Amino acid sequence: MNTAVLLSGSNTGDLSRNMEYALTMIAKYAGAIQNTSFIYETEAWGKIDQPAYYNQVIELNTSLDAHTLMQKLLQIEKMMGRERIEKWAPRLIDLDILYFNNEVINESDLKIPHPHLHERRFTLVPLSEILPDMFHPVLKRSNKDLLATVTDTLKVRVLNSQSHVKH
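Just so you know, these numbers come straight off a predicted model, no measurement behind them.

Draft legend 1. Structural view of a nonpolar patch on the surface. Residues Val104, Val138 and Leu139 make up a contiguous nonpolar surface patch of roughly 240 Å² in combined accessible area. Relative to the helices and strands, Leu139 resides in the loop between helix H3 (121-130) and helix H4 (143-149).

Next up, the structure:
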């Protein structure tokens, strides 16, 4: 069994519904959800002239290898209606692999750990919530340490912490 850590994000349509449906689809097609962070409302990163995002980190147990998991996540995005037109454009759903076991994969179609993970507050806040002591296999630093030193100042705000459910 493999452990994958994913990031789910949405900033178009019904954001709460998109996030919940993504969880349902991940559980159906990719593996067993072990834990989820709160959902955070975050300012857009990269292309900032767009609506705020909802983001959530998901810890997943999966029998899939990293490449197959990425293909499943891309299929889920497509099933949910995502169209890839422009880099960092608004999106109905975005599913990324942050970590896969303790593996380092650096191929043209797949990079794990996610190459921007350590630069993004919107990733590090929910990641540090559920896996603060997990070490980045390349940088050799914990998620909480990466968060403490990140230079990204974009706002990240927890939504309803009362609705947080551990799987």
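Draft legend 2. Fine view of helix H2 (residues 66-80). Counted at 1.5 Å a residue, the expected span for H2 with its 15 residues is 21 Å, and the 21 Å between its end C-alpha atoms agrees. Considered for burial, the residues of H2 that qualify are Ala66, Leu69, Met70, Leu73, Ile76, Glu77 and Met80. Here the buried residues of H2 occupy an arc of 120° about the axis, which is enough to place them on one side. On its buried face, H2 sits against strand E1 (2-10), helix H1 (15-29), strand E4 (53-62), strand E5 (94-100), strand E6 (105-107) and strand E7 (110-112). The N-cap of H2, judged by a side-chain oxygen 3.0 Å from the amide nitrogen of His67 a few residues on, is Asp65.

What counts, and at which threshold
- Residues numbered from 1 in each chain as written.
- Predicted model: local features only at pLDDT ≥ 70, side-chain atom pairs only at ≥ 80, totals over all residues.
- Heavy atoms only, no water.
- Patch = residues over 30% accessible without salt bridge, like charges linked within 9 Å, V, L, I, M, F, W, Y side chains within 5 Å.
- Areas by Shrake-Rupley, 256 points an atom, 1.4 Å probe, with all protein chains shown as cover.
- Salt bridge = Lys/Arg side-chain N within 4 Å of Asp/Glu carboxyl O.
- Helix = DSSP H or I, 4+ residues; strand = E, 2+ residues; numbered from the N terminus.
- Expected span 1.5 Å × (residues − 1).
- Buried < 20%, exposed > 50% of the residue type's maximum accessible area, 1.4 Å probe, protein only.
- Arc of directions from axis to C-beta.
- Contact = heavy atoms within 4.5 Å.
- Polar contact = N/O pair within 3.5 Å; in protein donor to acceptor, adjacent residues only side chain to side chain.

By themselves these figures say nothing about function.
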